[in-house]
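Structural features, examined
Listed below are the residues making up each chain.
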Amino acid sequence: MASPVAAQPNKDRLPSHCCFCSMQCGIELVRTEKEPGFEVKPSPDFPVATGRLCQKGFHSMTHAVHPDRLLHPQRRPSAWQAASDGASDTGPSSAAWERTSWDSALDDIASRIRSIQDRYGPDAVSVFGGGSLTNEVCYLLGKFTRVALKSRYIDYNGRYCMSSAAAAQNKAFGIDRGLSLPLEELSQSRYIILAGTNIAECQPTMMPYLLAAKKRKAVIVTIDPRQTMTSRIADIHVPLQPGFDSVFVSGLLHVILNERLYDAEFVTKHTDGIDEVRAAVHEFSPDRVSLYTGIPVEVIRTIARGFAKAESGVVLTARGLEQQTNGVEHTLNYINLCLLTGKIGKPGSGFGAVTGQANGQGGREHGQKADQLPGYRMIDDPAAREHVARVWGIEPASLPGKGVSAYELFGKIDDGEIKAMIVLGSNPVVSSPNSTRVAEALRKLELLVVVDLFETETAAYAHWLLPGTSFLEAEGTLTNLEGRVFHRAQALQPPGEAMPDFKLICTLADRLGRGKYFRFDSPEAVFDELRRATAGGKADYSGITYERLIAEQGVFWPCPSEGHPGTPRMFEDGAFAHPDGRAQLHGITPQKPAETTDAQYPYILTTGRLGSHYLSGTQTRRTDALMKKAAAPVAELHPSLAEKLRLRFGDKVRLTTRRGSLVFDVKIAQEIHPTTIFVPFHWGGSLSVNRLTNDALHPISRMPEFKICAVRVERADRELYGAGTEEKAPDTGVTVQPAANEKVRLRTASESGI
Ligand SMILES: Nc1nc2c(c(=O)[nH]1)N[C@H]1C(S)=C(S)[C@@H](COP(=O)(O)OP(=O)(O)OC[C@H]3O[C@@H](n4cnc5c(=O)[nH]c(N)nc54)[C@H](O)[C@@H]3O)O[C@H]1N2
Ligand SMILES: Nc1nc2c(c(=O)[nH]1)N[C@H]1C(S)=C(S)[C@@H](COP(=O)(O)OP(=O)(O)OC[C@H]3O[C@@H](n4cnc5c(=O)[nH]c(N)nc54)[C@H](O)[C@@H]3O)O[C@H]1N2
Ligand code: SF4
Ligand SMILES: [Mo]
């Protein structure tokens, strides 16, 4: 039976928050007679989605009380032996785990870290963090890497998530906060464009805000290669082939500029760069864009005019267009749309990149990123180093410089520069692109420590596996997709010997001889230091206290003093965060994705999510009720392609990319773009679509191209039907309109001469 913690005032109703998406709906564990003694109900108090939960939320406790939970530290003696003998093939190991005490685990890990650093220098040890962790743990991971390990190498799974949106918002606005407006204002908006964001499955409790807007006659547009649950509520759905967002938006901007529908006063007063936009979109007339994308000219005109003329408007983007080697540029073009039409910083108007993970927002603010210190301070800025070093009580010169992005860490392991990694709160063997390469790199490590709730696919390569605490067992603060910081109380006792992450980090720092910098007896003590470290930074938390968070049900950052009310709406009256207070428009010249289709790989593979599963699936695959909804990934493809392949009921398809080949069940989906195949990524092993995805990275954000790669599609059992060989690719391109791929030619920057 789960047991509540002593600190809870009412032991029959324990308040907490769902652990999954960035909505961070409030929950209550309500006592029942049935095992495990509590059931999850929506919280009546938390203002974001009061009284509502989605299917994952209702089942969020199931994995936390699952018998697979790790209860004790464990090591793999024979794998270790192989590694210390210099063998490179140490994982995945079938060697049995050996249970140990925390003392011997931490002593051994510390002594191996020391030995590795003595031999190869401090940067040989790296940290891989996560966006599900509390602000306090994210902050401590960054500090631990720089102060206890003295290493430059930390990054985290949010690099795979929010990095392109962050880069774009920083370029355009000078600051990166997921949504520029609070959710309640969405329902007042008159025109809402949802691009590459499947809210109905990924942030389901946001839907009522959209439906409320619709009820007030707002127009809703969805832009997605698939008709999703979200596009069902749309007035206009734009079925775009993956990779074409910048082209399409350039068409909208062309209409807005040509027909003088932009907000000239706002643009002059608050923005720079309209001439660059004008030049860049010059040749993207609606006719041309229609030719490229197959979207009718009238649709382009209708959306452009409708959005520009609406009293208020919001554009929301998400991973659909951001997880691309052109993701920053796609996002910037959508931001252009808001800025040119003056739809930002006013009630019901704004831009938002819908944050993904529970603490996807706070997780990117407090120093888990390779180039950042807490509060979004940049690690190569002398003033920022000075400030943070003072708070930490160290010399600025002793702070390491910037490291490399999440995926590049695995490259450094492969090259032999990184010899040890601590993974806390992520499962990169399932969630990284071209994941076979990641697994191969991990095999080379001398020391891999995984701190998790479960034995993940990544743990298969670990020497040490340490039991972390779940969301129900650890107190802390998180920041939701709106930028609302809130407090999550501890509800339950940790099972077995599971140790709260903050404590584990502090204890390990102590074992490394750096304990004096990590003397925190509670998450609140960590938060108080975080407040000082972020003071004066862009993500300023200095005015936020635990007391306020509990009394006010959350506070929006920036909040620079205790008397400050917080900032629900950003850029009020056009006040942007660049030093001159102006926003920057960007002329975007659409570019091709890293991999284009050809005769061998004629289709496009895109990947994403299902409503019933979460990320690498570690948690939701352990929940029977969710597995009943989706037990395995299914490849969605268009009927025309099914016909081409002569698929019969129950057939499977083989998907082959330049990285590998896997077999999937099929769903024939009328609603998907005919050139595109969609596969969700929530499974491991031979069901893991990331064995196929492209590891090309955006040049600035270092975001991998999860959303586009070239793929060959064959009927898996074609041999049985004698329908050809594996080597022979199906015909090039699908003939179904619109936008058969071979008709589309994007110009490169040099071709267009801009
Ligand atoms: N159920 C569930 N909810 C989740 C998660 C989960 O795993 N499961 N994960 C959370 C996290 S961490 C995140 S980041 C968010 C992600 O939330 P989303 O970004 O909304 O989710 P995805 O399914 O990755 O992608 C969204 C849509 O992009 C479309 N798409 C693909 N390529 C393109 C393109 O080139 N252009 C456009 N316009 N669209 C394209 C896909 O068809 C898909 O419908 O969800 C969060 N919520
Ligand atoms: N093909 C493809 N790949 C993708 C994406 C895509 O759209 N397509 N999306 C990318 C995106 S947006 C994201 S965010 C990443 C996410 O990818 P991952 O980081 O792999 O995601 P999770 O499955 O959430 O992994 C978190 C792990 O931490 C553990 N955990 C949860 N809470 C805690 C805690 O409090 N403490 C500790 N110690 N452990 C905890 C969980 O059990 C789980 O094993 O995947 C990326 N990968
Ligand atoms: S919407 Fe997100 S936070 Fe809310 S219950 Fe569902 S998964 Fe949890
Ligand atoms: Mo994400």
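Residues numbered from 1 in each chain as written. Chains lettered and ligands numbered in written order. Predicted model: local features only at pLDDT ≥ 70, side-chain atom pairs only at ≥ 80, totals over all residues. Heavy atoms only, no water.

Looking at an unreviewed UniProt entry, the protein carries the name Nitrite reductase, with the source organism given as Paenibacillus darwinianus. For the protein, the Cofactor (unreviewed entry) comment in UniProt is given as "Mo-bis(molybdopterin guanine dinucleotide)". (UniProt positions renumbered as here; feature names shortened; annotations may be inferred.)

Let us look at the overall build of the protein. Helix and strand counts for the protein stand at 26 helices and 28 strands. Dimensions of the protein, computed from the C-alpha atoms along their principal axes, are close to 70 × 70 × 55 Å. With 754 residues in all, the protein has 65% of them scored as buried. In the protein, 74% of the contacts between residues at least 6 apart in sequence involve partners at least 24 apart. With an accessible surface of roughly 26,000 Å², the protein has 49% of that area assigned to carbon and sulfur atoms. Each charge class in the protein was averaged separately, 86 positive and 86 negative side chains, and the resulting centres sit 2 Å apart. (Helix = DSSP H or I, 4+ residues; strand = E, 2+ residues; numbered from the N terminus. Buried < 20%, exposed > 50% of the residue type's maximum accessible area, 1.4 Å probe, protein only. Contact = heavy atoms within 4.5 Å. Areas by Shrake-Rupley, 256 points an atom, 1.4 Å probe, with all protein chains shown as cover. Lys, Arg positive; Asp, Glu negative; His and termini not counted. Charge placed at Lys NZ, Arg CZ, Asp CG, Glu CD.)

For the structure shown, the criterion picks out 43 salt bridges. Notably, a salt bridge pairs Arg-319 with Glu-322, separated by 2.8 Å at the nearest N-O pair. With Arg-319 and Glu-322 both in helix 14 (residues 319-322), this residue pair falls three residues apart, about one helical turn. Each member of the salt-bridge network shares a partner with another, and the members are Asp-414, Arg-437, Lys-444 and Asp-695. (Salt bridge = Lys/Arg side-chain N within 4 Å of Asp/Glu carboxyl O.)

Here three strands make up an open sheet; going across it, the order is 1-2-3 and the pairing antiparallel. What marks the edges here is a single partner per strand, and that holds for strand 1 (13-17) and strand 3 (38-42). Taking the axes of each pair of neighbouring strands and ignoring which way they run, one obtains an average angle of 30 degrees across the sheet. Two strands pair when backbone bridges link them, and strand 1 and strand 2 (residues 26-31) are joined in this way by five bridges, in the antiparallel orientation. The residue bridging Pro-15 from the neighbouring strand is Glu-28, located in strand 2. (Pairing = 2+ DSSP bridges. Axes fitted to C-alpha atoms, helices over the stretch in contact; angles between N-to-C directions.)

So, about the site of ligand 1. Taken together, 33 residues lie near ligand 1, and Asp-224, Asp-245, Gln-324, Arg-609 and His-613 sit nearest. Glu-201 places a main-chain nitrogen or oxygen 3.0 Å from a nitrogen atom of ligand 1. Protein chains shield 100% of the accessible area of ligand 1, which is 910 Å² for the free molecule. Elements that contribute at least two residues to the shell around ligand 1 include exactly helix 7 (199-202), helix 14 and strand 23 (603-608). For the shell around ligand 1, the residue count by class is ten nonpolar, 15 polar and eight charged. Counting only domains with at least three residues in the shell around ligand 1, you end up with domain 2 (165-353) and domain 3 (603-752). (Near = heavy atom within 4 Å. Polar contact = N/O pair within 3.5 Å; in protein donor to acceptor, adjacent residues only side chain to side chain. Nonpolar A, V, L, I, M, F, W, Y, C, P; charged D, E, K, R; others polar. Domains from an automatic or database assignment.)

Let's shift gears to the environment of Arg-691. By the secondary structure assignment, Arg-691 is in the loop between strand 27 (676-680) and strand 28 (709-715). Taking C-alpha positions, Arg-691 is 32 Å from Thr-205, a pair spaced 486 residues apart along the chain. For Arg-691, the residues in contact, after removing those within four places along its chain, are Ser-435, Thr-436, Arg-659, Gly-660, Leu-662, Gly-685 and Ser-686. There is a polar contact of 3.2 Å between the side chain of Arg-691 and the backbone oxygen of Gly-685.

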